[in-house]
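A look at the structure
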Amino acid sequence: MDCGTCESASPLQVHVPDEVEVDLTMTDKARDMLTDAFGDDRSHALLVGVLSGGCSGYMYDLQIVESTETPCQELNINGFRVLVPRASSHLLNGIEIDYVDRLMGGGFKINNPNASSSCGCGESFA
Amino acid sequence: MGLHHVDGYVLLLQGENILPFLDGLSSNLVNGPCTTVFTDRAAKIIDACDVLVIGENVALVGYGDEKDRLTRHLLDHLLGQNIQIRDISSLNKIYIGDGEEDYPPGATVHEGWFGTVCILGNSIDFEPTWTEEDWREHRIQNVIPFAKHEVTSRHHPFACGLAELVHSSKGCYLGQEVLTRMRSRGKFGHRLVVKENPVTGATTVGKAHSLSIERIQ
């Protein structure tokens, strides 16, 4: 195979959607759960990202991180540092972070006005 | 034994975490060389591709007219991941056959689900040993669906004979909910069959037999 790793085959152009200033909200329940998780320590941040995959094409990715190499917007929501990767800002603008307290399917939930559909488990969206 | 030249495309993916990226968008378990099917949310086929691992790079080999659609699909889901996609189709020729062939030096050979795939740079002279008709008869004999015939965007993988490329326990991917529901309920709607000629609405017509996708009664 001629893999063309020289200049003979240039990378395909990726259409990068315009970055938007993310507006993000958090329910009282989610704030309480984060308060439990963080305690008084505010050195860490909640990273709210999007990965490709899942039943609907995109999956939410929530992590508690100290820092990240991913270029992010940094928000202060109810006293918590929240990081949103710039590359997925267009998918996350307007979201609400909620916490659902139930035995099955409980945990942090994202309510996303940009999602045209989501899968049964709620972890992925399109 | 033989090899047939097919019109196809080769996309070279370079970067990090390429296999997990492809795994999240296709129906088979992609953790090494394999053949997999990229589906949309309705589980309709975008394209079926062979996945070749070449050092740290990955090549996707497709056989239909869906290069642009698949490329756009992949690019739309990159989301800032460190993966670059190069279209190296024009630098190579793609051959597919039954694996009983002597391959010229410089050939990249992959045992795929559709057959043994051989990719040669344009500078390598090679005369295919199978005609289009040979390849067609081989496919009908072995009930192998293929791009432009059975593997099209009008069908889901189960309908066109690609059930073996739908992994049953790999977890979520685009179209997985629909395919899992079909499998668990045993309702596939259509199926690929081989029938003696004449066959009305055949997708691949052979000398004595043909392939056809028929509705399951």
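To start, this report covers the structure provided alongside it. Because the structure is a prediction, the values reported are computed rather than measured.

Cut-offs used in this document
Residues numbered from 1 in each chain as written. Chains lettered and ligands numbered in written order. Predicted model: local features only at pLDDT ≥ 70, side-chain atom pairs only at ≥ 80, totals over all residues. Pairing = 2+ DSSP bridges. Helix = DSSP H or I, 4+ residues; strand = E, 2+ residues; numbered from the N terminus. Axes fitted to C-alpha atoms, helices over the stretch in contact; angles between N-to-C directions. Contact = placed C-beta atoms within 7 Å.

The next point concerns the sheet that holds strand β11 (residues 204-205) of chain B. All names here are of chain B. Sheet architecture is open: 3 strands sit in the order β10-β12-β11, paired in antiparallel fashion. Each edge of the sheet is formed by a strand with only one pairing partner; in this case those strands are β10 (190-196) and β11. Two elements, β11 and strand β12 (residues 209-215), share 2 bridges in a ladder whose sense is antiparallel. Bridge assignment links V205 to a residue of β12, and that residue is S210.

This part takes up the sheet that holds strand β5 (residues 57-62) of chain B. All names here are of chain B. Taken in spatial order, the 5 strands make up an open sheet running β3-β4-β5-β2-β6, and their pairing is antiparallel. Strands at the two margins of the open sheet, each flanked by one partner only, are β3 (34-39) and β6 (83-87). For this sheet the average axis-to-axis angle between neighbouring strands, irrespective of direction, equals 30°. With 5 bridges connecting them, strand β2 (residues 9-15) and β6 associate as antiparallel partners. Following the sheet pairing, L11 is matched in β6 by D87. Across the face of the sheet, helix α2 (residues 67-76) comes into contact with β2, β3, β4 (45-54), β5 and β6 while running at roughly 75° to β4.

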